[in-house]
Amino acid sequence: MPRSAEKKKAPAARGATGGHAIFLRAVNVGGNTVKVKALADALELVNIQAAGTFVCKDGRSAAALARAVRNVLPFETDVIVCTGADLRAAVATLAKLPVPAGTKRFVTLLASVPAAPPTLPIERPDGPWEVRVTKIEGPFVLSLDRKLGERRRFYPNEVVERALGVGATTRGWDTITKVLERLG
């Protein structure tokens, strides 16, 4: 299957200390369906039980992992691979930020480097916010989410993608914690 031209990717860290975390954008939504367990088994990855979230602890490089995943997927999507060391360092920084009562933390992983960093915080909607983007740490973005009414109007991923103009994928703090636990 032909692949689109490579975009300028978010910088990867040097070395593979602690393995790699793999995040797929828009998996099992909008018709982009894949049997996650089969994908994990085929590539010898650990499935984190969050659609499109895997860990690899062998010595493969980030580029080799991304290429292998793209070759197995039946559709095109962003494959974001980061080292365990990079993810651990970003989470350590993000974990120090205040979390107001009634909010949940989310981490968004950027598929490429934005043309220009935005002024933070970013809040949607204006006024009482549902999503507040508070910190960008390399290819990692921390946002806070809170429910204001009966129906959700915004989700952190869409806010980040629109504000930064790049593809991204978002995971809840609990999922990121599970990834770090599996990385060891």
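Quick caveat: nothing in here was measured; it's all calculated off a predicted structure.

Engineer: Would you take a moment to explain the packing of aromatic side chains for this structure?
Structural biologist: Aromatic ring pairs: the centre-centre distance and the angle between the two ring planes describe each pair. Scanning the model with the defined rule gives one aromatic pair in all. A centroid spacing of 5.8 Å and a plane angle of 75° characterise the contact between phenylalanine 106 and tyrosine 155, whose relative ring orientation is edge-to-face. Taken together, the positions of phenylalanine 106 in strand β5 (residues 104-110) and tyrosine 155 in the loop between β8 (140-145) and α4 (156-164) put the pair 49 residues apart, joining distant regions of the chain. Above the face of the tryptophan 129 ring, arginine 146 is positioned so that its terminal group lies 3.9 Å from the ring centre.

Engineer: So what exactly am I meant to see when it comes to the sheet that holds strand β6 (residues 122-124) here?
Structural biologist: Judged by pairing direction, the sheet is antiparallel, and its five strands sit side by side in the order β6-β7-β8-β5-β9 without closing on themselves. Pairing within the sheet leaves two strands with one partner each, and these edge strands are β6 and β9 (168-172). This sheet shows a mean twist of 25° between the axes of neighbouring strands, independent of strand direction. Here strand β7 (residues 131-137) pairs with β8 via six bridges, running antiparallel. Note that in β8 the partner of arginine 132 across the bridge is leucine 144. Across the sheet, helix α5 (residues 173-183) lies against β5, β8 and β9, angled at about 90° from β9, the strand it touches most.

Engineer: Any chance you could explain the sheet that holds strand β4 (residues 79-83) here in plain terms?
Structural biologist: Within a sheet, neighbouring strands are paired by backbone hydrogen bonds and run either parallel or antiparallel to one another. Spatial ordering of the open sheet is given by β2-β3-β1-β4, a layout of four strands whose pairing is antiparallel. Two strands lie at the open edges of the sheet, namely β2 (46-47) and β4, each paired on one side alone. Examined bridge by bridge, β2 and strand β3 (residues 53-56) share two bridges and lie antiparallel to one another. Looking at β3, one finds that asparagine 47 is bridged to phenylalanine 54. Contacting β1 (20-24), β3 and β4, helix α2 (residues 62-72) crosses the sheet at an angle of about 155° to β4. Its contacts with the sheet put helix α3 (residues 84-95) on β1 and β4, and the angle it makes with β4 is roughly 80°.

Engineer: Teacher, can you tell me more about the confidence of the model for the protein chain here?
Structural biologist: As a note on interpretation, predicted positions should not be read in detail where pLDDT is low. With 91% of its residues at a pLDDT of 70 or more, the protein chain has an overall mean of 87. Contacts from residues 1-16, a stretch scored under 50 in pLDDT, to residues over four places away or in other chains number 32 contacts.

Engineer: Looking at this model, I keep getting lost on the nonpolar core. Mind explaining?
Structural biologist: Phe23, Leu87 and Val179 are the most contacted members of the largest nonpolar core, which totals 20 residues. When contributions to this core are tallied by element, the ones reaching two or more residues are β1, β4, α3, β5, β8 and α5. When residues in this core are grouped by element, the largest group, five residues, is from α5. Sequence-distant contacts of phenylalanine 23, defined by excluding residues within four places in its chain, comprise Gly52, Thr53, Asp78, Val79, Ile80, Cys82, Leu87, Leu109, Thr169, Arg171, Ile176 and Val179. With 19 residues, the next largest nonpolar core counts Ile22, Phe54, Cys56 and Phe75 among its residues.

Reading the values: rules and limits
- Residues numbered from 1 in each chain as written.
- Predicted model: local features only at pLDDT ≥ 70, side-chain atom pairs only at ≥ 80, totals over all residues.
- Heavy atoms only, no water.
- Phe/Tyr/Trp six-rings, centres within 6.5 Å; stacked < 30°, edge-to-face > 60°.
- Helix = DSSP H or I, 4+ residues; strand = E, 2+ residues; numbered from the N terminus.
- Lys NZ or Arg CZ within 6 Å of the ring centre and 35° of its normal.
- Pairing = 2+ DSSP bridges.
- Axes fitted to C-alpha atoms, helices over the stretch in contact; angles between N-to-C directions.
- Contact = heavy atoms within 4.5 Å.
- pLDDT = per-residue confidence, 0-100.
- Core = buried A, V, L, I, M, F, W, Y, C linked by side-chain atoms within 4.5 Å.
- Buried < 20%, exposed > 50% of the residue type's maximum accessible area, 1.4 Å probe, protein only.

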